[in-house]
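# Geometric and topological summary
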Amino acid sequence: MVVMEAATLCRVCGWSLDEPGWVDGLPQYVICDCCGAECGVDEHSAEAARGYRAGWAARGYPWWDRGHQPVGWSFTEQQRELIPAAYR
Ligand SMILES: [Zn+2]
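Treat the numbers as computed from the prediction; the structure is a model and nothing was measured.

Criteria and thresholds
Per chain, the residues get numbers from 1 upward, laid out in the order the sequence is written. Residue-level local features of this predicted model are given only where pLDDT is at least 70; pairs of side-chain atoms are given and counted only at 80 or more, and the full residue set underlies all totals for whole chains, interfaces and linings. Helix and strand labels come from DSSP, where a helix needs a run of H or I of at least four residues and a strand needs a run of E of at least two; each type is numbered from the N terminus. The globule rule used for comparison is 2.2 Å times the number of residues to the exponent 0.38, while the radius of gyration itself is calculated over C-alpha atoms. Each pair of strands is called paired provided DSSP finds at least two bridges between the two strands. Only buried Ala, Val, Leu, Ile, Met, Phe, Trp, Tyr and Cys residues enter a nonpolar core, and they are joined through C-beta atoms within 7 Å. Exposed residues have 12 or fewer other C-beta atoms within 10 Å of their own C-beta, buried residues have 20 or more, and partly exposed residues fall in between, where C-beta atoms are placed from the backbone. We call two residues in contact if the C-beta atoms placed from their backbones are at most 7 Å apart.

Bringing the overall build of the protein chain into the picture now. Counting its secondary structure elements, the protein chain contains two helices and three strands. Ordered by position from N to C terminus, the α and β elements of the protein chain give β-β-β-α-α. Taken over the C-alpha trace, the protein chain has a radius of gyration of 13 Å; the compact-globule value for 88 residues is 12 Å, and the two agree within 12%. Projected onto its principal axes, the C-alpha positions of the protein chain cover 45 × 25 × 20 Å.

In structure tokens, the structure reads:
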């Protein structure tokens with residue numbers, strides 16, 4: 001039996017992606033609706049994820065796809081805690 005390990009939370013912002021960003025260690029090049037990070041490009045390492053997050057923060061946490069932005073959304077501690085620990 002093969003166990004598929006699928007990562008569905010964005011490594012940069014912790015948002016729940018529409019589809020897994022990583023499957024069995026391979027990037028799926030999904031773009032996060034929230035922070036706009038592309039899986040396998042912008043967060044392939046902890047350093048890359050932190051760097052992208054810092055740039056996103058400096059711009060005031062703009063949404064990549066504003067049509068998906070919940071009313072009254074802000075980047076909270078709750079969402080920050082959803083970021084996989086190794087990428088915070
Ligand atoms: Zn994100």
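That covers the picture; the talk isn't over yet.
Let us now look at the sheet that holds strand β2 (residues 22–23). Sheet strands pair via backbone hydrogen bonds, and the direction of the pair is either parallel or antiparallel. The three strands lie next to each other as β1-β2-β3, forming an open sheet whose pairing is antiparallel. The sheet is open, and its two borders are formed by β1 (6–7) and β3 (26–27), each paired with just one other strand. Relative to β2, β1 is paired through two bridges, and the arrangement is antiparallel. In the strand pairing of β2, Ala7 is matched with Trp22.

Residue position: Gln78 is located in helix α2 (residues 77–80). Separated by 37 residues in sequence, Gln78 and Val41 place their C-alpha atoms 25 Å apart.

Counting 14 residues, the largest nonpolar core has Cys10, Val12, Cys13, Trp15, Cys32 and Cys35 as its most contacted members. Dropping the residues within four chain positions of it, Cys13 is found in contact with Cys32, Cys34, Cys35, Arg53, Phe75, Gln79 and Ile83.

In short, shape yes, function no, at least from these values alone.
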